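These are the residues of each chain, in order.
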Amino acid sequence: MKTKLSFDIADLKLLATHSSFERGSDYYDQGRVKKVMNERNIYEGKVKGTSTYDVRLVADGHALDFACNCTYEMGGICKHAVAMGLAILDGEYEFTPEEVSKLQEENGTMLSYSNTYLFEEIFYIAKDELKTQFLHQLLTQNEQLRNDFIQYVNRRAKEHR
Ligand SMILES: [Zn+2]
């Protein structure tokens, strides 16, 4: 499962000079991008050139903030950044363990939310007869619930007297 990316290849092209883009593209094709890790909007990876460089990307919508520890200073982002950006666009990254647990947490919240919603829907359309039957079954099985039920009914009966 991959999250939807906030940027595309046009954003990368805008940030790089034509030659950086071409060279970065070659780097990517040559498999020079090593494992890229993603947590929230931050990507970190290593790209193998004359030596191995650490590339970091903070993606804030279409605004991409690349950092690389190479010495490139010819304008725009370096070829290592381009190569890593292309790898990310191809889905070649993994979530950090922290990101995995965050995503699981979020999915869990969504799941219980839809479960609550479903319950409300079903409860509303279920026949009273069915609800009574189910309630009776629950109360028979659970003494605590049974006491709660008796108290609830007594209280309501007093209110209506
Ligand atoms: Zn670089």
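Reference entry: report on the structure contained in this document. Each residue is numbered by its place in its chain's sequence as written, counting from 1. Per-residue local features of the predicted model are confined to residues with pLDDT of at least 70, and side-chain atom pairs are confined, for both listing and counting, to 80 or more; whole-chain, interface and lining totals are unaffected and use all residues.

Turning our attention to the pairing of strand 3 (residues 52–60). Two faces, one strand: in a regular strand the side chains alternate between the faces of the sheet. Whether a residue is buried, exposed or partly exposed follows from its count of other C-beta atoms within 10 Å of its own C-beta, namely 20 or more, 12 or fewer, or something in between, respectively; the C-beta atoms are built from the backbone. Numbering of helices and strands runs from the N terminus, with a helix taken as a DSSP run of H or I at least four residues long and a strand as a DSSP run of E at least two residues long. Alternating positions in strand 3 separate cleanly, Y53, V55, L57 and A59 being buried on one face and T52, D54, R56, V58 and D60 remaining unburied on the opposite face. A pair of strands is treated as paired once DSSP finds two or more bridges between them. As defined by bridge partners, strand 2 (residues 42–48) adjoins strand 3 across seven bridges and the pair is classed as antiparallel. By the bridge assignment for strand 3, G45 is matched with V55. Remark: three residues form the turn of the hairpin made by strand 2 and strand 3, two consecutive strands paired antiparallel. Relative to strand 4 (residues 63–68), strand 3 runs antiparallel, the two sharing six bridges. When the bridges of strand 4 are listed, A59 appears paired with L64. Connecting strand 3 to the antiparallel partner strand 4 that follows it, the hairpin turn spans two residues, and G61 within it adopts a positive phi of roughly 65°.

Structurally, a nonpolar core is described as a collection of buried Ala, Val, Leu, Ile, Met, Phe, Trp, Tyr and Cys residues joined by way of C-beta atoms within 7 Å. Within the largest apolar cluster, 24 residues are counted, with the highest numbers of intra-cluster contacts made by V55, A81, A83 and M84. Among the secondary structure elements, those contributing two or more residues to this core are helix 2 (18–29), strand 2, strand 3, strand 4 and helix 3 (79–89). If you tally residues by element for this core, the top one is helix 3, at six residues.

So far we have only geometry, and geometry alone does not tell us how the molecule works.
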